[in-house]
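The lines below spell out each chain.
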Amino acid sequence: GENVEQHPSTLSVQEGDSAVIKCTYSDSASNYFPWYKQELGKRPQLIIDIRSNVGEKKDQRIAVTLNKTAKHFSLHITETQPEDSAVYFCAAGKNQGGKLIFGQGTELSVKP
Amino acid sequence: GAGVSQSPSNKVTEKGKDVELRCDPISGHTALYWYRQSLGQGLEFLIYFQGNSAPDKSGLPSDRFSAERTGGSVSTLTIQRTQQEDSAVYLCASILQTGAGELFFGEGSRLTVL
């Protein structure tokens, strides 16, 4: 069945460093790839998404890249800050609807 | 409403009892999703609704789990004869229409089965 693998499960960086989280997906029909951030005890919230007609998207310190041939996509956070500490989830789905399959999550810790 | 509302926020029950979890989506959102999040784990898809019908219920773990949606709005997830492994946070999310972008999540219902 459809599956999304996410790595690493935990990531610790120093403030100001970059952080990279990687995901691979199994369903080649997937064409929508969002990233959600979940702070401790709170609900997941969308931070950025990418559709398969583009290879990269950037929003200030956050960027996402997509390689459809290899079926993987990555989240890049530059100049990390302590408030970036949270669990990040990647997901894969289809533009035309249906379920969104999430990865297992990456706990990012940014040390001041 | 202003956001996705879930109740109860916390539920402690004894093994073997039935529980009902409720989700009130954002007004006008046609699609509604249920996910389960176990401690330290990812978001496990359970079921989604488009209007009142459920095109995909493949994630429901067993026949003890069922869900319905009425009036294209409120949804109820029912777990019968609860087991300890059912303990988790059950998250509901809604979206204006499937494929339209961001899922808006509720705060979740934390279920503990003793």
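To be clear, the structure that these remarks concern was listed above.
Student: Would you explain the side chain of Thr13(B) in this entry?
Tutor: Looking at the secondary structure, you find Thr13(B) in strand E2 (residues 10-13). The contact partners of Thr13(B), leaving out residues within four places of it in the chain, are Val19(B), Thr82(B), Leu111(B), Thr112(B), Val113(B) and Leu114(B).

Student: Help me out: how do you make sense of the sheet that holds strand E8 (residues 72-77) of chain A in this one?
Tutor: Within a beta sheet, neighbouring strands are joined by backbone hydrogen bonds and run either parallel or antiparallel to one another. Residue and element names in this part refer to chain A. Spatially, 5 strands are ordered E1-E3-E8-E7-E6 in an open sheet, and the strand pairing comes out antiparallel. In the strand order of this sheet, the two ends are held by strand E1 (4-7) and strand E6 (56-59), each with one partner. Between one strand axis and the next, the sheet turns by 15 degrees as a mean value, whatever way the strands run. Summarising the sheet, strand E3 (residues 19-25) and E8 pair through 6 bridges and their orientation is antiparallel. For Thr 24, the partnering residue across the bridge sits in E8 and is His 72.

Student: Sorry if this is basic, but what is going on with the interface of chain B and chain A here?
Tutor: When the parts of a complex come together, some accessible area is lost, and that lost area is often used as the size of the interface. Contacts between the two partners involve 21 residues from chain B and, on the opposite side, 21 residues from chain A. On the chain B side of the interface with chain A, the three residues burying the most area are Leu43(B), Phe105(B) and Glu107(B), jointly 29% of the side's total. Across the chain B-chain A interface, the total number found is 2 salt bridges. A salt bridge links Asp56(B) to Lys99(A); its shortest N-O distance comes to 3.4 Å.

Student: Even after reading the chapter, I still don't get the sheet that holds strand E7 (residues 65-69) of chain B, so can you show me in this structure?
Tutor: Residue and element names in this part refer to chain B. Judged by pairing direction, the sheet is antiparallel, and its 4 strands sit side by side in the order E1-E3-E8-E7 without closing on themselves. Lying at the two open borders of the sheet, with one neighbouring strand each, are strand E1 (5-7) and E7. Pairwise comparison of adjacent strand axes, ignoring direction, gives a mean angle of 15 degrees for this sheet. Taken together, the 5 bridges between strand E3 (residues 19-24) and strand E8 (residues 75-79) define a ladder with antiparallel strand orientation.

Reading guide: rules and limits
Residues numbered from 1 in each chain as written. Chains lettered and ligands numbered in written order. Predicted model: local features only at pLDDT ≥ 70, side-chain atom pairs only at ≥ 80, totals over all residues. Heavy atoms only, no water. Helix = DSSP H or I, 4+ residues; strand = E, 2+ residues; numbered from the N terminus. Contact = heavy atoms within 4.5 Å. Pairing = 2+ DSSP bridges. Axes fitted to C-alpha atoms, helices over the stretch in contact; angles between N-to-C directions. Buried area = accessible area lost by both parts, 1.4 Å probe. Salt bridge = Lys/Arg side-chain N within 4 Å of Asp/Glu carboxyl O.

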